[in-house]
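Listed here are the chains, written in short residue letters.
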Amino acid sequence: MHTDMTNISILGLGAMGQALAARFVQQGHTVTVWNRTPGKAAALAAQGAREVTSAAQAIAASDVTVMCVLDYAASDSVINGAASALSGRALVNLTNGTPAQARAAAERTAGLGAAYLDGGIMATPPMIGGEHALILYSGSKATFDAHAGALEGLGVATYLGADAGLASLHDLALLSGMYGLFAGFFHASALVESEGIRVGAFLKLLGPWMTAMMGELPGYAEKIDSGNHGVNVVSNLGMQAASLTNILTATSEQGVATDLLAPMLDLFRKRLGAGLGDEDISGVFELIRRKRVAGG
Ligand code: FVH
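This one's a predicted model, so the numbers in the text were calculated from it and none came from an experiment.

**As for the overall build of the protein**
Then step 1. On a plain count of helices and strands, the protein comes out with 13 helices and eight strands.
Then step 2. When the backbone C-alpha atoms are referred to their principal axes, the protein occupies close to 65 × 55 × 35 Å.
Then step 3. The burial tally for the protein puts 39% of its 296 residues in the buried class.
Then step 4. Long-range pairs, those at least 24 residues apart, make up 62% of the contacts in the protein with a sequence separation of at least 6.
Then step 5. For the protein, the computed accessible surface area is about 15400 Å², with 59% contributed by carbon and sulfur atoms.

**Quick look at the sheet that holds strand 5 (residues 90-93)**
Then step 1. Strand order across the open sheet formed by eight strands is 3-2-1-4-5-6-7-8, with mixed pairing between neighbours. Bordering the open sheet on either side are strand 3 (50-51) and strand 8 (156-159), each of which pairs with just one other strand.
Then step 2. The pairing of strand 6 (residues 115-122) with strand 7 (residues 134-139) spans six bridges and is antiparallel. Looking at strand 7, one finds that M122 is bridged to L134.

**Examining the site of the ligand**
Then step 1. Near the ligand you find 22 residues, and of these N35, R36, T37, K40 and L70 are the closest.
Then step 2. In this structure, an oxygen atom belonging to the ligand sits 3.3 Å away from a main-chain N or O atom of L13.
Then step 3. At a separation of 3.0 Å, an oxygen atom of the ligand approaches a polar backbone atom of A15.
Then step 4. Isolated, the ligand exposes 900 Å² of accessible area, and the fraction of that covered by the protein chains is 73%.
Then step 5. Among the detected pockets, the ligand sits in the second largest pocket.
Then step 6. The set of elements that each furnish at least two residues to the shell around the ligand consists of helix 1 (15-26) and helix 4 (72-81).

**Description of the packing of helix 5 (residues 99-111) against helix 8 (residues 165-193)**
Then step 1. Contact pair helix 5 / helix 8: the axes reach a minimum separation of 7 Å and the direction vectors enclose 160°. Considered as vectors, helix 5 and helix 8 are oriented roughly antiparallel to each other. Along this stretch, helix 5 crosses helix 8, giving a crossing that reads as right-handed. Residues P99, A102 and R103 of helix 5 form the contact with helix 8, whose participating residues are G165, S168, L169 and L172.
Then step 2. Of the residues that constitute the contact of helix 5 with helix 8, the class distribution is four nonpolar, two polar and one charged.

**Points about the side chain of T6**
Then step 1. Here T6 lies in the segment before strand 1 (7-11).
Then step 2. The contact partners of T6, leaving out residues within four places of it in the chain, are H29, T30, D63, H147 and A150.

**Digging into the packing of aromatic side chains**
Then step 1. Using the criterion set out here, one finds five aromatic pairs in the structure.
Then step 2. Between F182 and F186, the aromatic rings sit 6.4 Å apart at their centres with planes inclined by 45°, giving tilted as the arrangement. On the criterion of helical spacing, the pair formed by F182 and F186 is a turn pair, its members being four residues apart in helix 8.
Then step 3. For F186, a relative accessible area of 48% gives the class partly exposed.
Then step 4. Put simply, the rings of Y179, F182, F185 and F186 pair up and form one aromatic cluster.
Then step 5. It is K141 that lies over the ring of Y159; its NZ or CZ is 5.5 Å from the centre.

**Things to note about the layout of surface pockets**
Then step 1. Of the pockets and cavities examined, the largest pocket occupies roughly 2100 Å³.
Then step 2. Breaking the lining of the largest pocket down by element, the ones donating at least two residues are helix 8, helix 9 (199-214), helix 10 (217-226), helix 11 (237-253), helix 12 (262-273) and helix 13 (285-288).
Then step 3. It is helix 8 that contributes the most residues to the lining of the largest pocket, eleven residues altogether.
Then step 4. Secondary structure elements with two or more residues in the lining of the second largest pocket: helix 1 and helix 4.

Quick notes on the rules
- Residues numbered from 1 in each chain as written.
- Predicted model: local features only at pLDDT ≥ 70, side-chain atom pairs only at ≥ 80, totals over all residues.
- Heavy atoms only, no water.
- Helix = DSSP H or I, 4+ residues; strand = E, 2+ residues; numbered from the N terminus.
- Buried < 20%, exposed > 50% of the residue type's maximum accessible area, 1.4 Å probe, protein only.
- Contact = heavy atoms within 4.5 Å.
- Areas by Shrake-Rupley, 256 points an atom, 1.4 Å probe, with all protein chains shown as cover.
- Pairing = 2+ DSSP bridges.
- Near = heavy atom within 4 Å.
- Polar contact = N/O pair within 3.5 Å; in protein donor to acceptor, adjacent residues only side chain to side chain.
- 1 Å grid on protein atoms, 1.4 Å probe; cavity = no way out; pocket = protein on both sides within 12 Å on 5 of 7 lines; lining within 4 Å.
- Sits in = over half its atoms within 2 Å of the grid points.
- Axes fitted to C-alpha atoms, helices over the stretch in contact; angles between N-to-C directions.
- Parallel < 35°, antiparallel > 145°, perpendicular 65-115°, else oblique.
- Left-handed = near helix turned anticlockwise from the far one by under 90°.
- Nonpolar A, V, L, I, M, F, W, Y, C, P; charged D, E, K, R; others polar.
- Phe/Tyr/Trp six-rings, centres within 6.5 Å; stacked < 30°, edge-to-face > 60°.
- Lys NZ or Arg CZ within 6 Å of the ring centre and 35° of its normal.
- Points joined across faces, edges and corners; volume = space filled by probe spheres on them.

Here is the structure:
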């Protein structure tokens, strides 16, 4: 890990921008901060950061500028407002958005003469600088390499490739896994709560069960990657469709909404209808994946 101190500017002092700036200050970097609405820099200024009144001033002050604002509408407006200051500078955009938005921002900043590194933060503000913080990067490798030391101070820094959209793609995919997990948890919780069971108590059973089921993922991944869902099947789709039907019937009987799990059963039934009941449930992937273009 590089430990060189550098000049870093932060655009955006929401919960995350403040955490990033505080960590850079703590690490001994020279930090300049800007926020659209003044008044959010007092704590950072007390720690040694310098507040400026425009994004352009902040960009001009540092070797590298890290932006973390609400969304790409916000980051685009910051980039447009500071366009003249960007030439020859490096911009790291940690704002959450889509791959297409990241690619468009990369193109726009390249047109302004700036190096662009996009990023996806897999951490909450209090996690920044801690061992469980992960930040994904893609875009300008030169920017990543030049500032790896500072970026690693925020959390594990993982560079995914030159395509600026890759960090966002992985970020959103990881969050999708998280929301799927949460959806299962909420459904399971509603089921037990329908009989007055405390969810905190139920978690003692659910937590280890979910951890055990994580062990299924490498096998599913292998089937998805090979496109062969009929090998090494120990819990076939036909059986699992019957059991998911039971879950949804019981759900309705308990007066609980089926919204979170019903779409999964629809997909199971489609595969069943296609005569694929002996295959694994990983086959649902074939129903949701991007369709291959003939000859492509
Ligand atoms: N907080 C979290 O847990 C997550 C963790 C994973 C990554 N996200 C993403 O980080 C981005 C910023 O999130 P945040 O938590 O800092 O969000 P807020 O506290 O709501 O602060 C929003 C900042 O954005 C500024 N802003 C909004 N609109 C504009 C605009 N048009 N022009 C310039 N700045 C704008 C806002 O400024 P102000 O309202 O104070 O003037 C805040 O600085 C986000 O992409 C998360 O998805 C966080």
